[in-house]
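A closer look at the structure
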Amino acid sequence: NLPYSFGPKEGILLPRFALAVSPSHTSSPLLLCIALDFPVRVAQECLRITKGRQINRAMDLGCSVGRSVFEMAKEYQNVLGIDFSARFISCGCRLKEHGSLDYSLLEEGDVHTKHLATIEPSIDRSRVEFKQVLILSLSLSLSLSLSLSL
């Protein structure tokens, strides 16, 4: 299963108790949908901050399945995604290799729906790399060299 940022957003509704607590927030489902695009917004903010600078490499610590990594690859020549989860890194690598990934979403009980996560064709997937690393075990010299080289 992939994190929901790749999933369909049109079916998202707030729980009834949330609407009962605050019925005046009619835009809450919209805000919830916006929150799902957090990886994209993070990548866009990085690109905005570094616009006009000569930066060719980026790194995403805790990249999950790599949504921010692929978004940053629109501008940066090399993007490294690092995560502790072998499953997340495996999904990121499959997305890099194939450009898409089938996954199922648990609806309720035993009911699953099939979905497809896809990487925009305009993104050069050869620019990304994924590594599984226990972030706490990174040596100080490695973490310093990575951050200084970015």
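The following refers to the structure shown.

Analysis parameters
- Residues numbered from 1 in each chain as written.
- Predicted model: local features only at pLDDT ≥ 70, side-chain atom pairs only at ≥ 80, totals over all residues.
- Heavy atoms only, no water.
- Core = buried A, V, L, I, M, F, W, Y, C linked by side-chain atoms within 4.5 Å.
- Buried < 20%, exposed > 50% of the residue type's maximum accessible area, 1.4 Å probe, protein only.
- Helix = DSSP H or I, 4+ residues; strand = E, 2+ residues; numbered from the N terminus.
- Phe/Tyr/Trp six-rings, centres within 6.5 Å; stacked < 30°, edge-to-face > 60°.
- Pairing = 2+ DSSP bridges.
- Expected span 1.5 Å × (residues − 1).
- Arc of directions from axis to C-beta.

1. Observations concerning the nonpolar core
One finds Phe 70, Val 79, Val 128 and Phe 130 to be the most contacted residues of the largest nonpolar core, which totals 21 residues. Within the residue set of this core, elements represented by two or more residues are helix H3 (38–50), helix H4 (67–72), helix H5 (86–98), strand E3 (100–108) and strand E5 (128–132).

2. Thoughts on the packing of aromatic side chains
Per the stated rule, a full pass over the model turns up 1 aromatic pair. Considering the side-chain rings of Phe 70 and Phe 130, the 5.7 Å spacing of their centres and the 50 degrees angle between planes classify their relative orientation as tilted. Of the two residues, Phe 70 is situated in helix H4 and Phe 130 in strand E5; the sequence distance between them amounts to 60 residues. Relative accessible area serves as the criterion here: at 9%, Phe 130 is assigned to the buried category.

3. Structural notes on unusual backbone geometry
In the Ramachandran plot, Ser 64 falls in the positive-phi region, its phi being about 60 degrees despite a non-glycine side chain. Topologically, Ser 64 is positioned in the loop between strand E1 (57–61) and H4.

4. Here we look at the pairing of E3
Relative to strand E4 (residues 111–118), E3 is paired through 8 bridges, and the arrangement is antiparallel. Following the sheet pairing, Leu 101 is matched in E4 by Ala 117. Once E3 ends, the chain turns through 2 residues before running back antiparallel as E4, passing Gly 109 with a positive phi of about 55 degrees.

5. Details of H3
Helix length check: H3, at 13 residues, gives a terminal C-alpha distance of 18 Å against a target of 18 Å (1.5 Å per residue), a fit within 8%. Buried within H3 we find Pro 39, Val 40, Ala 43, Leu 47 and Thr 50. Considered in projection along H3, the buried side chains sweep an arc of 105 degrees and stay on one side of the axis. Once H3 ends, the next one or two residues include Gly 52, with phi positive near 85 degrees.

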